[in-house]
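# An overview of the molecular structure
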Amino acid sequence: MSTDRRRVVVTGIGVVAPGSMGREGFWDMITAGRTATRRITFFDPSRFRSQVAAEVDFDPKLQGLTAHEVHRNDRFVQMAMVAADEAVADSGLTFGTGGADDATDPDRVGVTLGSAVGATMRLENEYVAVSDAGTHWLVDPRYASRFLHQALVPSCGATELAVRFRASGPATVVSTGCTSGIDAVGYGSQLIEDGDADVVISGASDAPISPISMACFDTIRATTANNADPEHAAKPFDARRDGFVMGEGAAVLILEELEHAQRRGAEIYCEVSGYANRCNAFHMTGLRPDGVEMAEAIDRALGQGRIDPTEVGYVNAHGSGTQQNDRHETAAVKRSLGPAADRVPMSSIKSMVGHSLGAIGSIEIAATALAVQRGVLPPTANYEVPDPNCDLDYIPNTAREQKVDVALSVGSGFGGFQSAIVLASPDRRDA
Amino acid sequence: MNRLLVTGLGVVAPTGVGIEAHWSSLVRGEPAIRPIEGFDPSKYGVALAGQVRDFVPEDHVDPRLMVQTDRWTWMSLAAATLAAVDAGYDAPGDDVYATSVFLAAGSGGNEFSQHEIQGLWAKGPRSVGAYQSIAWFYAASTGQISIRDGYKGPSGVVVSEGAGGLDSIGWARRVVRRGTPAVLVGGTEAGVTPYALLCQATAGRLSPATRPEDAYKPFDRRAGGHVVGEGGAILLLEDSGAARARGAQNVWGEVAGYGATHDAHHHEEPAPDATQYARAIRLSLADAGVTPGEVDLVVADGAGTPELDALELEAIGTVFGERATPVPVTAPSSWTGRLMAGGSALNVATALLALRDGIVPGTAYLDDPVDAPGVDLVQQSRVQDLDLVVVLARGFGGFNSSLVLRRHREEEATA
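In this text, all values refer to a predicted model and were calculated from it rather than measured experimentally.

Cut-offs applied
Residues numbered from 1 in each chain as written. Chains lettered and ligands numbered in written order. Predicted model: local features only at pLDDT ≥ 70, side-chain atom pairs only at ≥ 80, totals over all residues. Heavy atoms only, no water. Contact = heavy atoms within 4.5 Å. Buried area = accessible area lost by both parts, 1.4 Å probe. Salt bridge = Lys/Arg side-chain N within 4 Å of Asp/Glu carboxyl O. Polar contact = N/O pair within 3.5 Å; in protein donor to acceptor, adjacent residues only side chain to side chain. Helix = DSSP H or I, 4+ residues; strand = E, 2+ residues; numbered from the N terminus. Nonpolar A, V, L, I, M, F, W, Y, C, P; charged D, E, K, R; others polar. Buried < 20%, exposed > 50% of the residue type's maximum accessible area, 1.4 Å probe, protein only. Pairing = 2+ DSSP bridges.

Next up on the list: the interface of chain B and chain A. With 75 residues of chain B in contact, the opposing surface of chain A contributes 85 residues. Together, the buried faces of chain B and chain A total about 6700 Å²; carbon and sulfur atoms form 64% of this surface. Viewed at the interface, chain A and chain B are joined by eight salt bridges. Among the salt bridges present, the one from Arg 174 of chain B reaches Asp 194 of chain A, with a minimum N-O distance of 3.0 Å. Connecting chain B to chain A are 35 residue pairs in polar contact (both at pLDDT 80 or more). Going through the elements one at a time, helix H4 (110-123), helix H5 (132-135), helix H6 (140-149), strand E6 (156-159), helix H7 (164-177), helix H8 (194-201), strand E10 (253-262) and helix H11 (275-288) of chain B are the ones with two or more residues in the side of chain B that touches chain A. Among the elements that make up the side of chain B that touches chain A, the one with the highest residue count is H4 of chain B (eleven residues). The residue makeup of the side of chain B that touches chain A, split by class, is 35 nonpolar, 28 polar and twelve charged.

Rendered as structure tokens:
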């Protein structure tokens, strides 16, 4: 039965991540173990509990966007467009150009873009203007931008990508909080598996480094208070961890039906061999320490690709750096992989690029795909003091050269969402 | 072959809370579009909205949960319960993963968030409460339903503006295909608040009219924009085998086909032809294995601007033009206003009620219909046997979706 299944491969990757530019800059940075966390520069953070973030030094016009594209779109859409440009160029696909016999039919190209909080930065900035800095509940339309409908409803991000590449297949924004970036790629894969598209422009973007986002995580102490040492503030799996570091960014992958990719001789990073998600139905922000539902998602994702837990060579962790997450996730991986968990290397790149909410799932899938392609595993930075509750191999501080046939990337988010995706090397597939 | 059934409906709409209140209001032709209550909208060039006036959140939502959530989520929680009660559905005790929540979202927790941003900028970061992080984001309603009701299956949230309600059903089908027997779908919206209304007004599609009969008139020669509404619907979808196994009494209909496309034309203007919209309809018919001639009714998107209405009629005419008789088309959103993600979900509920009773609700304020070759625009409610209904929806920016609903026939399902 599985032989009839339409298979999905990754043939293009684009990344906009803190501390770097583009896919290769991102890869160099995370494999060097360099951190991009710093004291917030976007606004004066001095009245906030958490004053640290991983910001992208992003100039959309330098990255090729027109003045109008910048004007009408929130930063999250701008970053998605730039990441998508890089991914499409990387894939070698030509969209919407017409003429060529081997051009992909635009009707067979879909878009799935994840975002946890959409245009929150623009909505807040505009609110400051129309409410006169929070003094008027009945906001004043004279100070409003023309493009607030797009800010209000994040589906504009999928629209911009569909228009940009003339992708007239199914399009949607996926907004499942902090698992959005995994779920968007999972859904994109399902579009191809189910025969509704041959190519999907799939990824996620978030730009949440704004006062309201920082304030709402301050009050529940989810973010770090380690303001004295911003470069080492994100400490996933380390006993001293005290919360996540807010991040921003985008990653876009080109998902393609295997035979479609083979026909045009595309270079294949990896296969998406399984995806699953589950809910913990427990608490909007809390996690039970046992990790049962995340483990169920992992088991199902592995099962789809008929992959034995012992085959997993790398786990790209959610590793947000909160006390409860890292314990929860360690338990989930042990539950799913069994004794193999003790041997499998596992790392959190959030130690370097922060936690960009919905975007990070796709950024981590990009990192995982590159790890599978290149045989190098990015480390967990800032890892010094082991935690007895987190006792796996977290690839401390230094990247590791290691060939990987199967890798797993997992995510967990507010609302109780737990997601897992499995990437397999093309070498394994052909073996 | 297993079918996908709708076994429960939960409606929280301007026309009423609960399916019968909503349906009797539609059939009797009682418009729910009225002057906006709660704040003075005159600055925004808007006077009217479809607000859910009969909704008493305390009757549906635990007060401890109410303080953590926005009105949008209150309506989702209420509609989810109504749908489960309607279906007689209790999640199976031996499989916590057997039920999923897969909703469409649109604009999130507007009123809650405006309040918190207001406080942040007026008073500082410490005024922001502990629930902003979970009340505002687009996944809030899905997460809260899953937690309250113990549903641990694969849940999701899609955003495709007004097409979202249909798209949640399209995505839920993938969840069912992959082995989860029951999925709550649909969605609600609560954007009749000062900032959310201003945001919507900037797109230039809202009617400035002060009298309901002048405001939102899809397919009328005097169409001049739409009115915003709130609320929506949540539906329970079940695999037919699972529904039969638990002895489900109530089958509203089958989800027979679905198709979705994007105009891929412009960031806000629709494509100048209806090619992609017509393609979405054709995809859904092919998926259902039916011909245009078999369709008894089209529930239209009914955008209410001359350009968008003409494009919709062009799409419908293109697909259904070869029929011997014009296809009946109605736009029930005209009674409620446009509920964004909630609107297309509510139209699915309305279409299923029409199937049940053999009554087609008319289109509000359709006094002087535009020329529509091959299309029978339904002005007044009428009695008509229905077997196959197509529901259409569009989302701002170019999303096109089409869903085919079929009357459920027990003998076929058990054959």
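And the narrative resumes.
Residue and element names in this part refer to chain A. By secondary structure assignment, the location of Ala 295 is in helix H10 (residues 292-304). Its relative accessible area of 1% is what places Ala 295 among the buried residues. Distance in space between the C-alpha atoms of Ala 295 and His 328 is 9.9 Å, their sequence separation being 33 residues. Residues within four places of Ala 295 in sequence aside, it is in contact with Ala 332, Arg 335 and Ser 336.

To continue, consider unusual backbone geometry. Residues other than glycine seldom take positive phi values, yet Asp 132 of chain A does so here, at roughly 55°. Turning to its location among the elements, Asp 132 of chain A is positioned in the loop between helix H4 (120-130) and helix H5 (148-152).

Residue position: Thr 336 of chain B is located in helix H13 (residues 333-336). Not counting the four nearest positions on each side in its chain, Thr 336 of chain B is found in contact with Pro 14, Thr 15, Ile 33, Gly 50, Gly 229 and Leu 346 of chain B.

By the alternation rule, side chains of E6 of chain B split into Gly 156 and Val 158 of chain B and Val 157 and Val 159 of chain B, which are all buried. As paired strands, strand E5 (residues 171-174) of chain A and E6 of chain B are joined by two bridges and run antiparallel to one another. Note that in E6 of chain B the partner of Val 174 of chain A across the bridge is Val 158 of chain B. Inspection of the sheet shows strand E5 (residues 99-104) of chain B paired to E6 of chain B by three bridges, in the parallel sense. The residue of E6 of chain B that forms the bridge with Phe 102 of chain B is Gly 156 of chain B.

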